[in-house]
Amino acid sequence: MDDTQDLVQIGENRFISKTTVLSHLKTYNLYYEGQNLQLRHREEEGELIVEGLLNIFWGLRRPIRLQMQDDHERIRPPPSSTSWHSGCNLDSQGSPNSTDGQQTTQQSPPTVEVTPPESQPEDNGVTEEEIEEDSESSTQLLRTKSDAGVLRRGQRRSPSDQRKIRRHRFSINGHFYNHKTAVFTPAYGSVTNVRINSCMTTPQVLRVLLNKFKIENSPDDFALYLVHASGERVKLKRTDYPLVLRIMQGPCEQVCKVFLMEEDLGEEVTYDVAQYIKFEMPVLQSFITKLKEEEDREVQKLRRRYNYLRCIIEKKLSCFPEGATCM
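Remember, predicted model here, so these are calculated numbers, not experimental data.

Draft legend 1. Fine view of the overall build of the protein. Summing up its helical and strand segments, the protein has eleven helices and twelve strands in all. With 327 residues in all, the protein has 31% of them scored as buried. Restricting the contact set of the protein to residue pairs at least 6 apart, pairs at least 24 apart contribute 67%. Carbon and sulfur atoms make up 53% of the accessible area of the protein, which amounts to about 22,200 Å² in all.

Next comes the structure, spelled out in structure tokens:
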């Protein structure tokens, strides 16, 4: 019982001593001193639990599907008379810079739909500031601009709030995606992070990552890989514990990184094969030529050996009389 408490599980039927993990954890935290990537640890009933942020690099080749709306996005009601009235009331109540003659109380739809002719010159002066906003949002909001639309949109949120909403809805790590189809392909090698602990297996870590970005794909479609600088690539099993394995690999991401890849497209690369990956084609061709020459030499050795044995056998056979038979 005491032996199991001194061990930390890193996979199915795979354990490592708690002392070794704590030693690597100390080195890990020293490397990230003063950064939010430092890990914390505690013990519960003799079990060591490590928690903190884990950096995961995107290595996807196919697009991923994102939810059209998330929990933080305001859900817009369908267009109807009721929703139009409620939108007008919000605009009239929340716009302190309304034109003269308009009251801050509830107003009927016709008073908001029709823009007074006297306010047009003032609107023209304001549109110079809105040109930059429209140019930024033109790629996302493909809608014809009208006076009523400007009145409702411009007075509902400030420009800074609109930019925050656009960043929240249309990008991941600053990379824009198609909002109509909700399809997105993260840039290869870009990094993100998730907060996990050492008790979470690979599927659980994948689920946390997908929920963070509201990805609709199933966790079974993806896998985590340990990619080394040498080119070696090791796939984490479903029963592995990624955070502990990351600690054991060391803190430097120039040596080893955790990549998210497709389950069916990713492939493991052994250390022996990885030694030749980064060589140029002429160098690899020279290796093949030398191997071919070595193969030819071995073939010649075998031929000479068997020719020699054949000569000995034929000489022995020639010594027998013609009528003699072999028993």
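Once you've had a look at it, read on.
Draft legend 2. Geometry of the packing of helix α2 (residues 18-31) against helix α9 (residues 242-249). Two elements in contact, α2 and α9, have axes separated by 8 Å at closest approach and are oriented at 70°. With respect to each other, α2 and α9 are oriented roughly perpendicular. Here α2 contributes Thr20, Val21, His24, Leu25 and Tyr28 to the contact with α9, which in turn contributes Arg246, Ile247 and Met248.

Draft legend 3. Structural view of the packing of aromatic side chains. Per the stated rule, a full pass over the model turns up five aromatic pairs. An aromatic cluster is present here, built from Tyr28, Tyr31 and Tyr32 joined pairwise through their rings. The lysine or arginine in question, Lys257, covers the ring of Phe57, its NZ or CZ lying 4.7 Å from the ring centre.

Draft legend 4. Inspection of the nonpolar core at higher detail. Grouped together as the largest cluster of nonpolar side chains are 40 residues, with contacts concentrated most on Ile56, Ile64, Leu224 and Leu260. Those elements giving two or more residues to this core turn out to be β1 (7-11), α2, β4 (47-58), β9 (191-197), α8 (202-212), β10 (222-228), α9 and β12 (256-262). The element that contributes the greatest number of residues to this core is β4, accounting for six residues. When neighbours within four sequence positions are excluded, Leu260 is seen to be in contact with Ile56, Phe57, Trp58, Gly59, Leu60, Leu206, Leu209, Phe222, Ala223 and Leu224. The next biggest cluster of nonpolar side chains, apart from the first, holds six residues, and it includes Ala223, Tyr225, Val227 and Met261.

Draft legend 5. Spotlight on the pairing of strand β3 (residues 40-44). Taken together, the five bridges between β3 and β4 define a ladder with antiparallel strand orientation. Each bridged residue has a counterpart across the sheet, and for Arg40 the counterpart in β4 is Glu51. Between β3 and β4, which pair antiparallel in sequence order, lie two residues; one of them, Glu45, sits at a positive phi of approximately 55°.

Draft legend 6. A look at the side chain of Asn217. Mapped onto the elements of the fold, Asn217 is located in the loop between α8 and β10. For Asn217, a relative accessible area of 10% gives the class buried. One polar contact links the side chain of Asn217 to the main-chain amide nitrogen of Arg65, over a distance of 2.9 Å. What Asn217 contacts, discounting residues up to four positions off in sequence, is Ile64, Arg65, Leu210 and Phe222.

Draft legend 7. Geometry of the pattern of salt bridges. Inspection of the entire model under this criterion finds eight salt bridges. With a closest N to O distance of 3.7 Å, Glu43 and Lys18 form a salt bridge. Of the two residues, Glu43 is situated in strand β3 and Lys18 in helix α2; the sequence distance between them amounts to 25 residues. Residue Glu43 is classed as partly exposed on the basis of its relative accessible area, which comes to 47%. Given a relative accessible area of 10%, Lys18 falls into the buried group. Salt bridges sharing partners connect three or more residues here, namely Arg40, Arg42, Glu44 and Glu51.

Definitions and cut-offs
Residues numbered from 1 in each chain as written. Predicted model: local features only at pLDDT ≥ 70, side-chain atom pairs only at ≥ 80, totals over all residues. Heavy atoms only, no water. Helix = DSSP H or I, 4+ residues; strand = E, 2+ residues; numbered from the N terminus. Buried < 20%, exposed > 50% of the residue type's maximum accessible area, 1.4 Å probe, protein only. Contact = heavy atoms within 4.5 Å. Areas by Shrake-Rupley, 256 points an atom, 1.4 Å probe, with all protein chains shown as cover. Axes fitted to C-alpha atoms, helices over the stretch in contact; angles between N-to-C directions. Parallel < 35°, antiparallel > 145°, perpendicular 65-115°, else oblique. Phe/Tyr/Trp six-rings, centres within 6.5 Å; stacked < 30°, edge-to-face > 60°. Lys NZ or Arg CZ within 6 Å of the ring centre and 35° of its normal. Core = buried A, V, L, I, M, F, W, Y, C linked by side-chain atoms within 4.5 Å. Pairing = 2+ DSSP bridges. Polar contact = N/O pair within 3.5 Å; in protein donor to acceptor, adjacent residues only side chain to side chain. Salt bridge = Lys/Arg side-chain N within 4 Å of Asp/Glu carboxyl O.

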